[in-house]
Amino acid sequence: MHVGNLLQTLPKSLPHELFEDLLSTPNLRIERILSQGHFTPPGEWYDQEEHEWVLLLQGSATLSIEDPDGGPAELIQLEPGAHVNLPAHCRHRVEWTAPDTTTIWLAIFYSTSE
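Residues numbered from 1 in each chain as written. Predicted model: local features only at pLDDT ≥ 70, side-chain atom pairs only at ≥ 80, totals over all residues. Heavy atoms only, no water.

**Side note on unusual backbone geometry**
- A positive phi angle, close to 50 degrees, is found at Thr 9, a residue other than glycine.
- The topology assignment puts Thr 9 in the segment before strand 1 (18-25).
- Its identity is not glycine, yet His 89 carries a phi of approximately 65 degrees, on the positive side.
- For His 89, the position within the fold is in the loop between strand 6 (83-86) and strand 7 (92-97). (Helix = DSSP H or I, 4+ residues; strand = E, 2+ residues; numbered from the N terminus.)

See the structure below:
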């Protein structure tokens, strides 16, 4: 049995966002994401097949959620402990993460199909 700690083993430098699968099954994937001043490139959106529940463990971030009716995107500020559930195909992007600390996310991707 492996015991890990989501808040430890952080790299000293993060030139790119780091995505680490912690557990993966056909209907569930748990991922640790490390960011430090990273954001989604302008004009790009995440639009994934599975639902995503995300919890911010450390640092801070701003998410942008696209309005499916064409209105302005909703900005959500996340601080430690904040979580949000993003349904499948909910177009979203990371607008900002803290540049001076490692932002640690726990993302749970899940499917409701059989």
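After presenting the structure, the write-up continues.
**A closer look at the pattern of salt bridges**
- This model, assessed by the stated rule, comprises five salt bridges.
- Between Arg 91 and Glu 66 there is a salt bridge; the shortest N-O distance is 2.6 Å. Of the two residues, Arg 91 is situated in the loop between strand 6 and strand 7 and Glu 66 in the loop between strand 4 (61-65) and strand 5 (74-78); the sequence distance between them amounts to 25 residues.
- Residue class for Arg 91 comes out partly exposed when judged on its relative accessible area of 29%.
- In this structure, Arg 93 and Glu 95 form a salt bridge, with 2.7 Å as the shortest nitrogen-oxygen distance.
- Arg 93 gets classed as buried once you look at its relative accessible area, which sits at 7%.
- Several salt bridges converge on common partners, so that one network encompasses Asp 21, Arg 29 and Glu 31. (Salt bridge = Lys/Arg side-chain N within 4 Å of Asp/Glu carboxyl O. Buried < 20%, exposed > 50% of the residue type's maximum accessible area, 1.4 Å probe, protein only.)

**With respect to the side chain of His 92**
- Assignment of secondary structure puts His 92 in strand 7.
- Of the residues examined, His 92 reaches a relative accessible area of 5% and is grouped as buried.
- A distance of 2.8 Å separates a polar side-chain atom of His 92 from the backbone oxygen of Cys 90.
- Beyond its immediate stretch of four places on either side in the chain, His 92 contacts Trp 45, Tyr 46, Gln 48, Glu 52, Ser 64, Ile 65 and Leu 86. (Polar contact = N/O pair within 3.5 Å; in protein donor to acceptor, adjacent residues only side chain to side chain. Contact = heavy atoms within 4.5 Å.)

**A look at the sheet that holds strand 5**
- Here three strands make up an open sheet; going across it, the order is 5-4-7 and the pairing antiparallel. Of all the strands in the sheet, just strand 5 and strand 7 have a single pairing partner and so form its edges. The mean angle between the axes of side-by-side strands here comes to 25 degrees, regardless of whether they run parallel or antiparallel.
- Across five bridges, the pairing between strand 4 and strand 5 is antiparallel. From the neighbouring strand, Ser 64 faces strand 5, where its bridge partner is Leu 75. (Pairing = 2+ DSSP bridges. Axes fitted to C-alpha atoms, helices over the stretch in contact; angles between N-to-C directions.)

**Brief notes about the side chain of Thr 97**
- Structurally, Thr 97 can be placed in strand 7.
- Given a relative accessible area of 2%, Thr 97 falls into the buried group.
- Within polar-contact distance, the side chain of Thr 97 engages the backbone nitrogen of Gly 37 at 3.0 Å.
- From its side chain, Thr 97 meets the backbone nitrogen of His 38 in a polar contact 2.8 Å long.
- When residues no more than four places from it in sequence are discounted, the contact partners of Thr 97 are Ser 35, Gln 36, Gly 37, His 38, Ser 60, Ala 61, Thr 103 and Trp 105.

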